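Chain and residue survey
Residues per chain are reported as follows:
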Amino acid sequence: MNLIDRYVTEVGKNLPLLKGREDIEKELKSTLEDMLEDRVEQTGRLRDEAMEIELLKEYGSPQKVAATYNPHPYLIGPRLFPFFLMVLKIVIPVLVTVLLVLTGIRAATDTPFMGMDFVNIVGKGLGGIVSAAITAFGNIVLVFVILERVLPDKEIGDFSDEKDWDPASLAKEPDPDTVKRSDLIAEIVFTFVGLAILNLFPEILGMSYFTEEKAFFIPMFSVEFFKFMPWINAIFLAEIVLDIYLLRSAIWTSITRVAKIIIEAASIALAVIILRTPDIFGFTAESFQSVPNSSVNAEMLMKIFNFSFSIAIIIVIIVAGVEMAKAAFALLRVNYKRK
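Basis of the calculations
- Residues numbered from 1 in each chain as written.
- Predicted model: local features only at pLDDT ≥ 70, side-chain atom pairs only at ≥ 80, totals over all residues.
- Heavy atoms only, no water.
- Helix = DSSP H or I, 4+ residues; strand = E, 2+ residues; numbered from the N terminus.
- Buried < 20%, exposed > 50% of the residue type's maximum accessible area, 1.4 Å probe, protein only.
- Contact = heavy atoms within 4.5 Å.
- Areas by Shrake-Rupley, 256 points an atom, 1.4 Å probe, with all protein chains shown as cover.
- Patch = residues over 30% accessible without salt bridge, like charges linked within 9 Å, V, L, I, M, F, W, Y side chains within 5 Å.
- Salt bridge = Lys/Arg side-chain N within 4 Å of Asp/Glu carboxyl O.
- Lys, Arg positive; Asp, Glu negative; His and termini not counted.
- Axes fitted to C-alpha atoms, helices over the stretch in contact; angles between N-to-C directions.
- Parallel < 35°, antiparallel > 145°, perpendicular 65-115°, else oblique.
- Left-handed = near helix turned anticlockwise from the far one by under 90°.
- Nonpolar A, V, L, I, M, F, W, Y, C, P; charged D, E, K, R; others polar.
- Phe/Tyr/Trp six-rings, centres within 6.5 Å; stacked < 30°, edge-to-face > 60°.
- Core = buried A, V, L, I, M, F, W, Y, C linked by side-chain atoms within 4.5 Å.
- Expected span 1.5 Å × (residues − 1).
- pLDDT = per-residue confidence, 0-100.

1. A word on the overall build of the protein
Scanning the protein from terminus to terminus reveals 12 helices and 2 strands. Each of the 339 residues in the protein was classed as buried or not, and the buried ones make up 37%. At a minimum sequence separation of 6, the contacts of the protein that also span at least 24 residues come to 78%. Split by element, the accessible area of the protein, about 20400 Å² in all, is 64% carbon and sulfur.

Shown next as C-alpha cells:
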C-alpha cells in the first residue's frame, strides 16, 4: 500500500458519516492520483515517495480533510444560535421563577418558617430547580440540534453574512403569509419541554413533605388527569410537526392554516373537558391524611390550586381561541383575494 492509499484510508477512518464513505474514498484517491500525474508532467520528475509526501502535506492532514465532508461540524450552528440564545433566555428564567414560587408555597404551607422540615423543603426545592433547569437546557439543545439538521441551509440565513441584505427591504410591507421563525422555534421548545416534563418527569409536579421518619410526595395531578395524556401528546406532537413544516416552507398556506385551526380547536375542546373533569388533582384532603403530623391546611391548599389551575386552563383556552381566530381570519382573507 503506497502513501496515497494509506492517506485515503486514514481520511476514511475520520469521516463523520458511514453512508457514502466508500465513494468519498474513491473520489479522493482519484483526485490525488490526478494531481500527482499533473505534477509529474509539470516537473518532469519521476513519481516517488518524496513527491507523494510533498503533495499530501499540501493537501492537509487526514483529520482536516475528513472534516470538510461533515455538513454539521457543530451541534448548533451560526444560523440558529441567535434563536437558541433567545429561547434560552426566555425558558430558563420563566422556569426558575415558577419553580421558586412553587417552592415558596410548599415551604409556607407545609411547615413553619423554622426547623429542619423547612430547610429540607427549601433544599429539595432548590435542588429540583437546578435539576429542572439542566433538563430544560438539555431539551432545548436537543430541539435545536434536530432543527439544525432538519432545516435546509437556504431557509435561515447566516446572521454574519450581509451581502444579500438590501436596505430597500425595510420600506417593503411584510408579507402576512410569511412565518415568524422565532415564534415557531420558541413554540417548539416550550411544547417539547412540556412533553418531556409530563411524560418523563411527572414526579417534579407535586409537593414533597418531610417528617423525622421519612419523606412523602403528593403528586399534583391524579390518575384522572393522566388518562388524557394520549390526547395531550397527540396535540403537542401535531403542533411540533406543523411548526417544523412551517419552518421548512417559510410561508403559510391554506392547508397549514386549516391544520392550525384543527389543532387549536382540539386544544380548546381538550382543555374544556379537563376543566370539567372532577378529581383531576392529586392534592386532596385524603392524600394529606397519609402524612403524619401534617400541619398543612388542606382546604386552603385545595382552593388555591383549584383556582390557579382553572385560571391556567382558561388562559390556555383564550390563547388557543385567539390563535384559531387569527388562522381563520387569514384563511378567509386569502380566499377573498382569490375571488
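Here the narrative resumes.
2. Description of a nonpolar patch on the surface
Together, Leu275, Phe307, Ile311, Ile314, Ile315, Ile318, Val319 and Val322 give the surface a local cluster of nonpolar side chains, amounting to about 700 Å² of exposed area. Among the elements that make up the nonpolar patch, the one with the highest residue count is helix 12 (residues 298–338) (7 residues). For Ile315, the location among the structural elements is in helix 12.

3. Brief notes about the side chain of Asp243
Of note, Asp243 is situated in helix 9 (residues 229–249). It turns out Asp243 is buried and unbridged, and the closest side chain with the opposite charge, Lys260, is 5.0 Å from it. Ignoring sequence-local partners within four residues, the contact set of Asp243 consists of Leu184, Glu187 and Ile188.

4. Looking at the packing of helix 2 (residues 21–43) against helix 3 (residues 49–59)
Helix packing for two helices is described by the angle between their axes and how far apart those axes are. Two numbers describe how helix 2 lies on helix 3: the axes approach to 11 Å, and their chain directions differ by 120 degrees. Taken together, the axes of helix 2 and helix 3 lie oblique to each other. Between helix 2 and helix 3 lies a crossing whose hand is right-handed. Seen from helix 2, the contacting residues are Leu28, Thr31, Leu32, Met35, Leu36, Arg39, Val40 and Thr43; seen from helix 3, they are Met51, Glu52, Glu54, Leu55, Leu56, Glu58 and Tyr59. Its residues assigned to classes, the contact of helix 2 with helix 3 shows 9 nonpolar, 2 polar and 4 charged.

5. Some words on the packing of aromatic side chains
Taken as a whole and assessed by the stated rule, the structure comprises 5 aromatic pairs. Aromatic side chains Phe84 and Phe144 sit 5.4 Å apart centroid to centroid with 80 degrees between the ring planes, which places their arrangement in the edge-to-face category. Taken together, the residues Phe84 in helix 5 (residues 81–110) and Phe144 in helix 6 (residues 115–150) connect sequence positions 60 residues apart. Pair check on accessibility: Phe84 and Phe144 agree, each one buried. Among the aromatic residues, those joined into a cluster by ring pairs are Phe81, Phe84, Phe137 and Phe144.

6. As for the nonpolar core
If you look at the biggest cluster of nonpolar residues, it comprises 50 residues, and the most contacted ones within it are Phe144, Ile185 and Val189. Among the elements of the structure, helix 5, helix 6, helix 7 (181–200), helix 9, helix 10 (254–276) and helix 12 are those that each provide at least two residues to this core. When neighbours within four sequence positions are excluded, Val189 is seen to be in contact with Val87, Val91, Ile140, Val143 and Phe144. Among the nonpolar cores identified, the runner-up in size contains 14 residues, and Leu15, Ile24, Leu28 and Leu55 belong to it.

7. A few points about helix 2
Here helix 2 spans 33 Å end to end across 23 residues, near enough to the 33 Å set by a 1.5 Å rise per residue. Along helix 2, the residues classified as buried are Ile24, Leu28, Leu32, Glu33, Leu36 and Arg39. Residues of helix 2 that are buried make contact with helix 1 (3–13), helix 3 and helix 4 (62–67). Count one or two residues on from helix 2 and you reach Gly44, which has phi positive near 75 degrees.

8. So, helix 7
A rise of 1.5 Å per residue sets the reference length of helix 7, with its 20 residues, at 28 Å; its end C-alpha atoms lie 28 Å apart and thus fit the reference within 8%. By the burial criterion, the buried members of helix 7 are Leu184, Ile185, Ala186, Ile188, Val189, Thr191, Val193, Gly194, Leu195, Ala196, Ile197 and Leu198.

9. Points about the environment of Met229
With respect to the helices, strands and loops of the structure, Met229 is situated in helix 9. Since its relative accessible area comes to 7%, Met229 is described here as buried. Taking the C-alpha atoms as reference points, Met229 and Asn199, 30 residues apart in sequence, are found 8.1 Å from one another. Leave out the neighbours within four places in its chain, and Met229 touches Leu198 and Asn199.

10. Re the confidence of the model for the protein
Taken residue by residue, the protein gives an average pLDDT of 76. The fraction at 70 or more is 72%. Of all the helices and strands in the protein, helix 11 (residues 285–289) carries the lowest mean pLDDT, 61, while helix 10 carries the highest, 90. Taken together, the stretch residues 157–163 has pLDDT below 50 and engages in 6 contacts with residues farther than four places along the chain or on a different chain.

11. Remarks on the pattern of salt bridges
Within the structure shown, the criterion is met by 13 salt bridges. Between Arg47 and Glu33 there is a salt bridge; the shortest N-O distance is 2.7 Å. Within this pair, whereas Arg47 is found in the loop between helix 2 and helix 3, its partner Glu33 is found in helix 2, the two being separated by 14 residues in sequence. Take Arg47: its relative accessible area is 37%, and that puts it in the partly exposed class.

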